[in-house]
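Reading the structure
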Amino acid sequence: MNEIMYGLAGLLLGLLIGVFLKKTLASSMIKEAEGKAKRIVEDAIKEAETRKKETILETKDMLYQAKADFERETKERKAELASLEKRFLHKEENLERKMDILDKKEVDLNRRDRDILSKEKSLEEKFVLYEKGLIEQREMLEKISRMSSEDAKKQLIKTIEDEAKLEATKTIKRIEDEAREAADRKSKEIMAFAIQRYSSDFVAEATVSVVNLPNDEMKGRIIGREGRNIRALESATGIDLIIDDTPEAVILSCFDPIRREIAKIAIERLIADGRIHPARIEEVVEKVKKEVESTIREEGEKTIIDLGLHGVHPELVRMLGKLRYRTSYGQNVLMHSREVAYFAGIMAGELGLDQKLAKRAGLLHDIGKSIDHEVEGAHASIGGDLAKKYEENPNVINAILTHHGVGDPNSIEAILVSAADALSASRPGVRKESYETYIKRLEKLEEVAKSFKGVDKCYAIQAGREIRIIVKPDDVSDILSSQISRDIAKKIEAELAYPGQIKVTVIRESRFVEYAK
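Per chain, the residues get numbers from 1 upward, laid out in the order the sequence is written. Local features in a predicted model are, by the rule used here, given only for residues with pLDDT of at least 70; side-chain atom pairs are given and counted only at 80 or more, and totals for whole chains, interfaces and linings are based on all residues. Side-chain measures here rest on the full set of heavy atoms in the structure, leaving out hydrogens and waters.

1. A closer look at the sheet that holds strand S7 (residues 466-471)
- At least two DSSP bridges between two strands are required for those strands to pair. Strands here are runs of E lasting at least two residues and helices are runs of H or I lasting at least four, both read from the DSSP assignment and numbered beginning at the N terminus. A sheet is described by the order of its strands in space; here 3 strands give the open sequence S6-S7-S8, paired in mixed fashion. Each edge of the open sheet is held by one strand with a lone partner, namely strand S6 (455-461) and strand S8 (503-508). With strand direction ignored, the average angle separating the axes of adjacent strands in the sheet is 20°.
- Pairing of S7 with S8 involves 6 bridges; the strand directions are parallel. Each residue of the ladder has a partner; that of Arg468, found in S8, is Thr505.
- We call two residues contacting when some pair of their heavy atoms lies within 4.5 Å. Angles run from 0 to 180 degrees between N-to-C directions of axes, and those axes are lines fitted to C-alpha atoms, restricted for helices to the stretch in contact. Lying over the sheet, helix H14 (residues 478-495) contacts S7 and S8, oriented at roughly 155° with respect to S8.

Here is the structure:
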């Protein structure tokens, strides 16, 4: 019985202790939860303050950037307005210059009118005197010669005919000289006007390109283990990659400028990407090839649009774009073709001819240079074949074939293309050549002149654009001097390669010696 009582008492005591512990534990958990909730609220308040400050800073940065963009745009607008103002002033000066030329021409025409009226009056007076002289001459002949009137008339007519032929010959010679001088002066004015209306920037290119590196360690990565990377690059692009002691740079060498451009872009992208291995090289090169091909087509289309032409075959447009990467004597061939098109169009407009046809022929005159490294033959004949293949205008084909003086031009536009080609090629500074090549060309020029019999001395002057030849007066006559100048010019055309044209001047000195005894 006592044991049962003790057991119940123990059970009751355990229950009381359990209830007490449960209350204590619940109170502790409540306090812990309240503390945690308080910390969460405090953290949330701090985070809200931080975000508020960040938002304020971002807003200030945006305002500062907007202000900077506004100031930059304002400067650009001011620069653009200044450029437009400068162009307007330039056009105004050109207009004033043309007005002065017109005024001078008007004064000259008035003077010529007065001279003509004076000459007409003088001729009328001479005609009256001439008729009077004829009457007197007839009477004198009849008295002195005792000739019949019919015989005297025949002799007089013969005398007058001879005099008239002589005067007519002199007049024809004078008219021919005046017409030649006027044509020469007019042609110079038209060419000067064409040059004045068109100007362009000139960029010289070479057969090598330089790629700058961030550091010299990059050379080792480009070479790769046992040279595998450099071999992959040269195989994929078809260029020679030269890695020498030049600090932080490698040199790309290739006569094909398109391959050189592809290799340059590919290497720059590989350096920026950092992953340089054969598989990545092939992937990047293929991608760059597609981009360059797209650029070529865009450049050709832009050129056609700028010149206002239409109906050009897509393949010819692509070949025009390839000329962007082609140079001749350091002159960019696409820029040269555009210049020739502008010059030919301007001169055709001055002469009242078809400007679109002249521009089209001028633009396509060097199209053969886009594939002259792939096809044998002169670029003029290659270009003519291309124009025939893509059904160009016959006059355009003829202008392409004859723009270097080979063959006979069948239109005025073809002659204008030849003149525009010479203008573009001979502008000062537009073409360049190395010092060694320049010296060799001058020496060869003098050798060609000295190879002719009767030549005493010769001098290449004006940077090789003119050669003056002194011949022996005892061995060479004036007529033969003229023949020598033509023969030398033809030999220079056949044996030398040179930009523009070369003037050949033959000088013959005549000395007359007498002795007084």
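Next, the rest of the story.
2. What about the nonpolar core?
- The set of buried Ala, Val, Leu, Ile, Met, Phe, Trp, Tyr and Cys residues whose side-chain atoms join them within 4.5 Å is what this entry labels a nonpolar core. Relative accessibility decides the category of a residue: with a 1.4 Å probe and only protein chains considered, values under 20% of the type maximum give buried, values over 50% give exposed, and everything between is partly exposed. Ranked by internal contacts, the top residues of the largest apolar core, which has 38 residues, are Ile367 and Leu386.
- Residue contributions to this core peak at 8 residues, all from helix H8 (residues 333-351).
- Ignoring anything within four residues of it in the chain, the contact list for Leu386 reads Leu316, Met319, Ile367, Gly368 and Ile371.
- The next biggest cluster of nonpolar side chains, apart from the first, holds 27 residues, and it includes Met218, Ile239, Cys254 and Tyr325.

3. A short note on helix H9 (residues 355-364)
- By the criterion of burial, H9 is predominantly enclosed, with 8 of the 10 residues buried.
- All of the buried residues along H9 are Leu357, Ala358, Lys359, Arg360, Ala361, Gly362, Leu363 and Leu364.
- A 3.5 Å cut-off defines polar contacts: any pair of N or O atoms within that distance qualifies, except that in protein one atom must be a possible hydrogen donor and the other a possible acceptor, and neighbouring residues in sequence count only when both atoms are side-chain atoms. Where H9 begins, the capping side chain belongs to Asp354, and its oxygen is found 3.1 Å from the backbone nitrogen of Lys356.

4. As for the packing of helix H4 (residues 228-237) against helix H6 (residues 278-306)
- The geometry of H4 relative to H6 is characterised by a closest axis approach of 9 Å and an angle of 25° between their N-to-C directions. Put simply, H4 runs roughly parallel to H6. Relative to H6, H4 is oriented so that their crossing is right-handed. Packed against H4, whose contacting residues are Arg228, Asn229, Ala232, Leu233, Ala236 and Thr237, the element H6 presents Pro278, Ile281, Val285 and Lys289 at the interface.
- In terms of residue class, the contact of H4 with H6 is made up of 6 nonpolar, 2 polar and 2 charged. The scheme is simple: roughly parallel for angles under 35 degrees, roughly antiparallel for over 145, roughly perpendicular for 65 to 115, oblique for anything else. We call a crossing left-handed when the near helix sits turned anticlockwise from the far one by less than a right angle, and right-handed when that turn is clockwise. Residue polarity follows a fixed list, in which Ala, Val, Leu, Ile, Met, Phe, Trp, Tyr, Cys and Pro are nonpolar, Asp, Glu, Lys and Arg are charged, and the others, Gly among them, are polar.

5. Thoughts on the pairing of S7
- For S6 and S7, the ladder comprises 6 bridges, and the chain directions are antiparallel. Bridge pairing in S7 links Ala460 to Ile467.
- What sits between S6 and S7 in their antiparallel hairpin is a turn of 4 residues, with Gln462 showing a positive phi close to 50°.

6. Considering the environment of Ala361
- Note that Ala361 resides in helix H9.
- For Ala361, a relative accessible area of 2% puts it in the buried group.
- Here the alpha-carbon distance between Ala361 and Glu413, two residues 52 residues apart in the chain, equals 7.8 Å.
- Ignoring sequence-local partners within four residues, the contact set of Ala361 consists of Val396, Ala399 and Val417.

7. Quick notes on a nonpolar patch on the surface
- Residues enter a patch when their relative accessible area is above 30% and they make no salt bridge; the linking distance is 9 Å between like charges and 5 Å between nonpolar side chains (Val, Leu, Ile, Met, Phe, Trp, Tyr). For every accessible area listed, the method is Shrake-Rupley and the probe measures 1.4 Å; residues are considered covered only by the protein chains on display. Only one rule defines a salt bridge in this text: a Lys or Arg side-chain nitrogen within 4 Å of an Asp or Glu carboxyl oxygen. On the surface, a cluster of nonpolar side chains totalling about 430 Å² of accessible area is made up of Leu11, Leu12, Leu15 and Leu16.
- Mapped onto the secondary structure, Leu12 falls in helix H1 (residues 2-145).

8. With respect to the pattern of salt bridges
- Counting across every chain of the model gives 21 salt bridges.
- Arg297 is the partner of Glu293 in a salt bridge, and the nearest nitrogen-oxygen pair spans 3.9 Å. Separated by 4 residues within a single helix, Glu293 and Arg297 lie in helix H6, roughly one turn from each other.
- Exposure remark for Arg297: the relative accessible area of 36% places this residue in the partly exposed category.
- Asp306 is paired through a salt bridge with Arg338; the nearest N and O atoms lie 3.0 Å apart. Here Arg338 lies in helix H8 and Asp306 lies in helix H6, a separation of 32 residues in the sequence.
- Taken together, the shared-partner salt bridges in this structure form one network comprising Asp108, Arg111, Arg112 and Asp115.

9. Considerations on unusual backbone geometry
- A positive phi is found at Glu226, a non-glycine position, where the angle reads about 55°.
- The exposure class assigned to Glu226 is exposed, which follows from its relative accessible area of 71%.
- Even without a glycine there, the phi angle at Glu391 is positive, about 55°.
- Along the chain, Glu391 turns up in the loop between helix H10 (379-389) and helix H11 (394-402).

10. Regarding a negative patch on the surface
- On the surface, a cluster of negative charge is made up of Glu92, Glu93, Glu96, Asp100, Asp103 and Glu106.
- Residue placement: Glu93 occurs in helix H1.
- Judged by relative accessible area, Glu93 falls into the partly exposed class, the value being 45%. Positive charge is attributed to Lys and Arg, negative charge to Asp and Glu, and no charge count is given to His or to the chain ends. For this purpose, a charge sits on NZ of Lys, CZ of Arg, CG of Asp or CD of Glu.

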